[in-house]
Amino acid sequence: MLMASNDMIAEYQRRIAVYEDEEAYKQLFFLLFEPLRQFAHSFIKSKESAEDIVSDVFIEIWSKRSELNQIDDLKAYMFVCVRNRCIKKLKYQKQTLSLDEAPVELSSQYATPDELTIGHDLNSRIHEAIEQLSPRSKLIFKLAKEEKMKYKDIASLLSISVKTIDAQLSTAVKRIASAIRFVSRSKS
Amino acid sequence: MDASNTDRIWTLATRKMSGEATLPELDELESYLKLHPELQSTVQAVEEFWRTNPEPDREYMEATYLLHLQRMKNRGFDFNSPEAQQPSATSLGSRIREILFGPTSIVAALILVFAISILTNQRPVKPVSANLQEAAFKSEVSTKYGSRTRIVLPDGSIVFLNAGSKLNYDKNFGNTIREVKLTGEGFFDVAPNPDKPFKIYTDAVEIKVIGTQFNVKSYPGEKTTETSIIRGTVQVTVKERPNEKYVLKPNEKLVVMNNGSSADSTHPTLTHHEPMVSIRKLSYMQGEQTAVETSWTQNKLSFQDETFVEISSKMQRWYDVTFEFRNPRQETARFTGSFKDESLQQALEAMKYTSAFHFEIRNKVVTIY
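Conventions and cut-offs
Residues numbered from 1 in each chain as written. Chains lettered and ligands numbered in written order. Predicted model: local features only at pLDDT ≥ 70, side-chain atom pairs only at ≥ 80, totals over all residues. Heavy atoms only, no water. Helix = DSSP H or I, 4+ residues; strand = E, 2+ residues; numbered from the N terminus. Buried < 20%, exposed > 50% of the residue type's maximum accessible area, 1.4 Å probe, protein only. Contact = heavy atoms within 4.5 Å. Areas by Shrake-Rupley, 256 points an atom, 1.4 Å probe, with all protein chains shown as cover. Buried area = accessible area lost by both parts, 1.4 Å probe. Salt bridge = Lys/Arg side-chain N within 4 Å of Asp/Glu carboxyl O. Polar contact = N/O pair within 3.5 Å; in protein donor to acceptor, adjacent residues only side chain to side chain. Nonpolar A, V, L, I, M, F, W, Y, C, P; charged D, E, K, R; others polar. Pairing = 2+ DSSP bridges. Axes fitted to C-alpha atoms, helices over the stretch in contact; angles between N-to-C directions. pLDDT = per-residue confidence, 0-100. Core = buried A, V, L, I, M, F, W, Y, C linked by side-chain atoms within 4.5 Å. Parallel < 35°, antiparallel > 145°, perpendicular 65-115°, else oblique. Left-handed = near helix turned anticlockwise from the far one by under 90°. Phe/Tyr/Trp six-rings, centres within 6.5 Å; stacked < 30°, edge-to-face > 60°. Lys NZ or Arg CZ within 6 Å of the ring centre and 35° of its normal. Expected span 1.5 Å × (residues − 1).

Draft legend 1. Geometry of the overall build of chain A. Along chain A, the regular secondary structure elements total 8 helices and 0 strands. Sequence-ordered secondary structure for chain A, helices as α and strands as β, is α-α-α-α-α-α-α-α. The 188 residues of chain A split such that 54% are buried. Counting contacts in chain A only where the partners sit at least 6 residues apart, residues at least 24 apart contribute 65% of the total. For chain A, the exposed surface amounts to about 9000 Å²; the carbon and sulfur share of it is 50%.

Shown next as structure tokens:
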């Protein structure tokens, strides 16, 4: 009976819109704040500014709660809101949003040993492989793996083609697979 | 195996993990892996890595949320403090944030408080089952005949309480457990929380859910206890058959025959061949979006192919009257219909069109003859 996180988000969205449910709003915050903050931090160097941008998007969600039901995919919508606010902020600083300088961090880099099912050695080899990806590839990889976003949503969020995403993700996975095979060969 | 073949495997495996693969692509990947079993374990390891995503630290999130609430407050959005949301038996009024059906919330709250004293003095409910201790359910909300209400529980779950019903819950509700006791009829919209299942106890059944919308009808003295599902899935245990669990899906209802109800003894012919427990479909009126079972939450009194006796017990609660049948033949006459703003007089006049009967309303007693 466990619900997938996307179903949970849709359920929280409905409850906020229909009942002004503060508890559902809190649960939504717990699910999405950190992914959105990390996404904002890819473009905005200041940690505080990135947090403020995401907090502002959450405030906007509450202030527009009665219209929330009109949004098809709340998570995708909030990522777009965060991106737009980042662009605005950068424009104010006479900068543009660049995917090629984005310092992307993967959450799983901070996994504690008991959260890892694959062993410490293997984990660090995998992360070495990921570190060698371009910032753009890394961001795509993070959005697909950690945020479970669809190719078409990543494509519209980052203004790149689905084909590019397919190719870059496959390359990333292939490199991870090589790292895994290297470890298993050296052990056997 | 050449390089382009390996590339194809990783493209397909990536699409599979991202949920982007089509069925033919999944088949293609499978046949590649049959040809190259040596890659099997690597693909599995990659998939395992893909699934591993650590949760953000709970304490960090709590602190971040408090900061966010502070920023919201500065913009004029002030959430209730956690202290104010603690349920307590002494501050019943504060638990009822919104009353839908009363003329004003204050009047309705007064009626509710008044109703509680009537219920406790004059309408004692049957003793609860052994696994429940009365002391565990300290907070109580109830409705008298002719009124309905909406309750927001401390966990954010919403309960619509139909007329002549009662909901009890513990002051620890939401902190460690989510358990309520229902007498009468309630429509539940349970806030999702996989860690704390929501449990509802009635005289005849126990219902366990995670997050869903459903209706429970369990009036003392009625022939059946009904659990009707609108969204999600619930699990029901019938007290008489503790080893069986019934899992219900949307648009289904579980109908349980109540033991020794007064309806049984008065009308043995009505219940003669009915099974003790049955799963049925919800009924919908032509052109209606809302099921008959939950139409009361929209201020509608609906019935589909029900006997006059069954309808009269609904009308008794709806209009706060009692019924007397002078002619037994009229008790079994069947009706289908729906009332919204009609008065009792108008409703009975409308019913007269489909079945020949006379009625008289005097001092809150309706006589059918």
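Draft legend 2. Spotlight on the overall build of chain B. Within chain B one finds 11 helices and 18 strands. Taking all 369 residues of chain B together, the buried fraction comes to 49%. Sequence-distant contacts in chain B: of pairs separated by 6 or more residues, those separated by 24 or more amount to 51%. On chain B, roughly 18600 Å² of surface is accessible, and the fraction owed to carbon and sulfur atoms is 50%.

Draft legend 3. Spotlight on the interface of chain A and chain B. Contacts between the two partners involve 53 residues from chain A, matched on the other side by 50 residues from chain B. Carbon and sulfur atoms supply 63% of the area buried between chain A and chain B, which totals about 5000 Å² over both sides. Here Arg71 of chain B makes a salt bridge to Asp56 of chain A, at a shortest N to O gap of 3.1 Å. For the pair chain A and chain B, the number of links is 19 residue pairs in polar contact (both at pLDDT 80 or more). Contributions of two or more residues to the side of chain A that touches chain B are made by helix H1 (5-19), helix H2 (22-41), helix H3 (47-63), helix H5 (120-131), helix H6 (135-145) and helix H8 (162-187) of chain A. Residue classes in the side of chain A that touches chain B are distributed as 25 nonpolar, 7 polar and 21 charged.

Draft legend 4. Region of interest: the sheet that holds strand S17 (residues 359-362) of chain B. Residue and element names in this part refer to chain B. Overall, mixed pairing links the 3 strands, which are arranged S15-S18-S17 in an open sheet. Two strands close off the open sheet at either side, each with one partner strand: strand S15 (322-325) and S17. Geometrically, the sheet is characterised by an average inter-axis angle of 20° between neighbouring strands, direction not taken into account. Sheet contacts for helix H9 (residues 308-319): S15 and strand S18 (365-368); angle to S15, the most-contacted strand, approximately 155°.

Draft legend 5. Expanded view of the confidence of the model for chain B. Looking at chain B as a whole, its pLDDT mean stands at 76, while 79% of the residues score no less than 70. The ipTM, which scores confidence in the relative placement of chains, is 0.87 for this predicted complex, and the corresponding pTM is 0.54.

Draft legend 6. A look at the nonpolar core. Residue and element names in this part refer to chain A. Ranked by size, the top nonpolar core spans 78 residues in total, and within it Phe58, Phe141 and Leu158 carry the most contacts. Counting residues per element, this core draws most heavily on H2, at 10 residues. Here Leu158 is in contact with Phe39, Leu99, Leu139, Ile140 and Leu143, once residues within four sequence places are set aside.

Draft legend 7. Region of interest: the packing of H3 of chain A against helix H4 (residues 74-92) of chain A. Residues and elements named next belong to chain A. Here H3 crosses H4 at 130°, and the two axes come no closer than 10 Å. Comparing the axis directions of H3 and H4 gives the class oblique. As for the relative orientation of H3 and H4, their crossing is right-handed in sense. Contacts between H3 and H4 involve Ser49, Ile53, Val54, Asp56, Val57, Phe58, Glu60 and Ile61 on the former and, on the latter, Leu74, Tyr77, Met78, Cys81, Val82, Arg85, Cys86 and Lys89.

Draft legend 8. Quick peek at the pattern of salt bridges. Counted by the stated rule, this structure contains 35 salt bridges over all chains. Lys174 of chain A is the partner of Asp7 of chain B in a salt bridge, and the nearest nitrogen-oxygen pair spans 2.6 Å. Here Asp7 of chain B, found in helix H1 (residues 3-17), pairs with Lys174 of chain A, found in helix H8, and the two come from separate chains. Judged by its relative accessible area of 33%, Asp7 of chain B falls in the partly exposed class. Residues joined in a network through salt bridges with shared partners are Glu11, Arg14, Arg15 and Asp21 of chain A together with Asp189 and Arg231 of chain B.

Draft legend 9. Representation of the packing of aromatic side chains within the structure. If you walk through the whole model with that rule in mind, you get 23 aromatic pairs over all chains. Each member of the aromatic cluster is reached from another via a ring pair, and the members are Tyr25, Phe29, Phe30, Phe33, Phe58 and Trp62 of chain A together with Tyr65 of chain B. Stacked on the ring of Phe49 of chain B, the Lys or Arg Lys145 of chain A has its end atom at 4.5 Å from the ring centre. The ring of Tyr219 of chain B carries Arg317 of chain B above its face, with NZ or CZ at 3.3 Å from the centroid.

Draft legend 10. Seen up close, H9 of chain B. Residues and elements named next belong to chain B. The end-to-end C-alpha distance of H9 is 15 Å, a good match for the 16 Å that 12 residues give at a rise of 1.5 Å each. Listing the buried residues of H9 in full gives Phe308, Ile311, Ser312, Lys314, Met315, Arg317, Trp318 and Tyr319. Downstream of H9 by one or two residues, Asp320 has phi in the positive range, about 55°.

Draft legend 11. Fine view of the packing of H3 of chain A against helix H4 (residues 58-74) of chain B. Packing of H3 of chain A against H4 of chain B leaves a shortest axis separation of 10 Å and a crossing angle of 65°. The way H3 of chain A lies across H4 of chain B gives a crossing that is right-handed. For the pair H3 of chain A and H4 of chain B, the contacting residues are Glu51, Asp52, Ser55, Asp56, Phe58, Ile59 and Trp62 of chain A in the first and Tyr60, His68, Arg71 and Met72 of chain B in the second. Partitioning the contact of H3 of chain A with H4 of chain B into residue classes produces 5 nonpolar, 2 polar and 4 charged.

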